[in-house]
Amino acid sequence: MSRKNTIVEEERRALKKRLAKKQSRKKRIRRIVKKEIGKPNVVVSEVCAICGVKEATTRDHVPPKAIFPKPRPAMITVPACSECNNGASDLDDLFKVYLSMQATGKSEIATKLFKERTVRTLQRNKSLLSKIKAESKALLVKNNEGKSEKKLAILWDSKAHDEVVQRTIRGLYYHHADKPLAYDTELKVQWLKSIPEEIESILELLTENVIGDDQVRYKYYIAPEDPRHSVWLFDFYGAHYASGYTVPIDS
Ligand SMILES: [Zn+2]
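- In the annotation of an unreviewed UniProt entry, the protein chain is listed under the name HNH endonuclease and assigned to Photobacterium sanctipauli.

Here you go:
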């Protein structure tokens, strides 16, 4: 056997050893879990971060990856069941279209999102294009210098907006709290023009996170005494703001 082959053989053996070790560790954990649960056939797996009910079989991006043009920044993913993950892509696409129309021109990446992704979506989806055309209005607004400027006011698809923000909150909640939102929790989404007064008093409690090169900023607070209470603030591309909060259903 040549020297090279010997090295390869050694590496192969070491790898085999490592795998065997990993396998036995897995088996050991499974044995412990079985013992704890007392039902030998139950396979313990992660629960879906979005619905909090079904078994997770995939990973979902929060916020959705559709709103980031390529090359995408490092993103947050959470375990998700296939229903929650696959059922959302059309709404993600709609959210991207409206967001990018609002954000284009705000930054290079926002314009890239609009030019590279939204234009393509609208070329494929002519009925969406006509819906947007019919629902948008040209408005005269004052710019920073006080001059009147013609701007197109886009009417968002509110179902797409609220559902995407809700899913994002559920996913980020899981990411930060390490568990899904409790079943007896209500989740509300609000549009924001500015920060509401009732949130202002707790602003310093919020933790801020930034995704990508400033594409999405969010602040959140999960109450330690009752984690069913949480507050979420989003800034998408410095162009669109949304907020959400969770409360126990009985409160
Ligand atoms: Zn699910």
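1. Some points on the pattern of salt bridges
Turning to step 1, where the next piece is worked out: Considering all chains together, one arrives at 12 salt bridges under this definition.
Turning to step 2, where the next piece is worked out: In this structure, Glu-83 and Lys-54 form a salt bridge, with 3.8 Å as the shortest nitrogen-oxygen distance. Here Glu-83 is found in helix 2 (residues 82-86), whereas its partner Lys-54 is found in the loop between helix 1 (3-37) and strand 1 (58-62), with 29 residues between them in sequence.
Turning to step 3, where the next piece is worked out: In this structure Glu-83 comes out as partly exposed when scored by relative accessible area, which is 48%.
Turning to step 4, where the next piece is worked out: The partner of Glu-163 in a salt bridge is Lys-159, and the shortest N-O contact between them spans 3.2 Å. Placement of both Glu-163 and Lys-159 in helix 6 (residues 158-177) is noted, with a separation of four residues, approximately one turn of the helix.
Turning to step 5, where the next piece is worked out: Here the salt bridges do not stand alone but share partners, grouping Asp-60, Asp-92 and Arg-167 into one network.

2. Regarding the coordination of the zinc ion
Turning to step 1, where the next piece is worked out: Those protein atoms acting as donors to the zinc ion are Cys-48 (SG), Cys-51 (SG), Cys-81 (SG) and Cys-84 (SG), and they sit at 2.3 to 2.4 Å.
Turning to step 2, where the next piece is worked out: In this structure, the zinc ion is surrounded by four donor atoms whose angles at the metal cover 100 to 121°, and the resulting shape is tetrahedral.
Turning to step 3, where the next piece is worked out: We note that the donor set of the zinc ion lies within a single chain, spaced as C-x2-C-x29-C-x2-C. In this structure, Cys-81 and Cys-84 share a single accessibility class: buried.

3. Let's talk about the environment of Glu-208
Turning to step 1, where the next piece is worked out: In this fold, Glu-208 is placed in strand 6 (residues 207-211).
Turning to step 2, where the next piece is worked out: As for Glu-208 and Lys-219, which are separated by 11 residues in sequence, their C-alpha atoms are 4.3 Å apart.
Turning to step 3, where the next piece is worked out: If near-sequence neighbours (up to four positions away) are discounted, Glu-208 is found in contact with Arg-217, Tyr-218 and Lys-219.

4. Digging into the packing of aromatic side chains
Turning to step 1, where the next piece is worked out: Within this structure, the stated rule accounts for nine aromatic pairs.
Turning to step 2, where the next piece is worked out: On the basis of an interplanar angle of 50° and a centroid distance of 6.5 Å, the ring pair of Tyr-173 and Trp-232 is categorised as tilted. Of this pair, Tyr-173 sits in helix 6 while Trp-232 is found in strand 8 (residues 230-236), placing the two residues 59 residues apart along the sequence.
Turning to step 3, where the next piece is worked out: Ring centres of Tyr-220 and Trp-232 lie 5.1 Å apart, and the angle between their planes is 15°; this geometry places the pair in the stacked category. With Tyr-220 in strand 7 (residues 216-222) and Trp-232 in strand 8, this residue pair connects regions lying 12 residues apart in the sequence.

5. Considering the nonpolar core
Turning to step 1, where the next piece is worked out: One finds Phe-95, Tyr-218, Trp-232, Phe-234, Phe-236 and Tyr-237 to be the most contacted residues of the largest nonpolar core, which totals 47 residues.
Turning to step 2, where the next piece is worked out: Those elements giving two or more residues to this core turn out to be strand 2 (76-80), helix 3 (89-103), helix 4 (108-124), helix 5 (126-135), helix 6, strand 5 (185-192), strand 7 and strand 8.
Turning to step 3, where the next piece is worked out: The greatest single-element share of this core, amounting to eight residues, is contributed by helix 3.
Turning to step 4, where the next piece is worked out: Not counting chain neighbours up to four residues away, the residues in contact with Trp-232 comprise Ile-169, Leu-172, Tyr-173, His-176, Tyr-218, Lys-219, Tyr-220, Ile-222, Ala-242, Ser-243 and Gly-244.
Turning to step 5, where the next piece is worked out: Ile-199, Leu-206, Val-231 and Leu-233 belong to the second largest nonpolar core, which has five residues in total.

6. Quick look at the environment of Pro-73
Turning to step 1, where the next piece is worked out: Inspection of the secondary structure assignment puts Pro-73 in the loop between strand 1 and strand 2.
Turning to step 2, where the next piece is worked out: Taking the relative accessible area as the measure of exposure, Pro-73 reaches 19% and is therefore buried.
Turning to step 3, where the next piece is worked out: Distance from Pro-73 to Asp-214, taken between C-alpha atoms, is 9.9 Å for residues 141 residues apart in sequence.
Turning to step 4, where the next piece is worked out: What Pro-73 contacts, discounting residues up to four positions off in sequence, is Phe-68, Ile-211, Gly-212 and Gln-215.

7. Points about the sheet that holds strand 9 (residues 240-248)
Turning to step 1, where the next piece is worked out: With antiparallel pairing, five strands are arranged side by side in an open sheet as 5-9-8-7-6. The two strands at the open ends of the sheet, each matched to only one other strand, are strand 5 and strand 6. Each strand of the sheet is rotated relative to its neighbour by a mean of 15°, with strand direction disregarded.
Turning to step 2, where the next piece is worked out: Inspection of the sheet shows strand 6 paired to strand 7 by five bridges, in the antiparallel sense. Its bridge partner being in strand 7, Ile-211 is matched across the sheet by Val-216.
Turning to step 3, where the next piece is worked out: Helix-sheet contacts for helix 6 involve strand 5, strand 6, strand 7, strand 8 and strand 9, and the interaxial angle to strand 5 is about 125°.

Each value, and the rule that gives it
- Residues numbered from 1 in each chain as written.
- Predicted model: local features only at pLDDT ≥ 70, side-chain atom pairs only at ≥ 80, totals over all residues.
- Heavy atoms only, no water.
- Salt bridge = Lys/Arg side-chain N within 4 Å of Asp/Glu carboxyl O.
- Helix = DSSP H or I, 4+ residues; strand = E, 2+ residues; numbered from the N terminus.
- Buried < 20%, exposed > 50% of the residue type's maximum accessible area, 1.4 Å probe, protein only.
- Donors = N, O, S within 2.8 Å, 3.2 Å for Na, K, Ca; no water.
- Tetrahedral: all angles 85-135°; square planar, octahedral: opposite > 155°, others 65-115°.
- Contact = heavy atoms within 4.5 Å.
- Phe/Tyr/Trp six-rings, centres within 6.5 Å; stacked < 30°, edge-to-face > 60°.
- Core = buried A, V, L, I, M, F, W, Y, C linked by side-chain atoms within 4.5 Å.
- Pairing = 2+ DSSP bridges.
- Axes fitted to C-alpha atoms, helices over the stretch in contact; angles between N-to-C directions.

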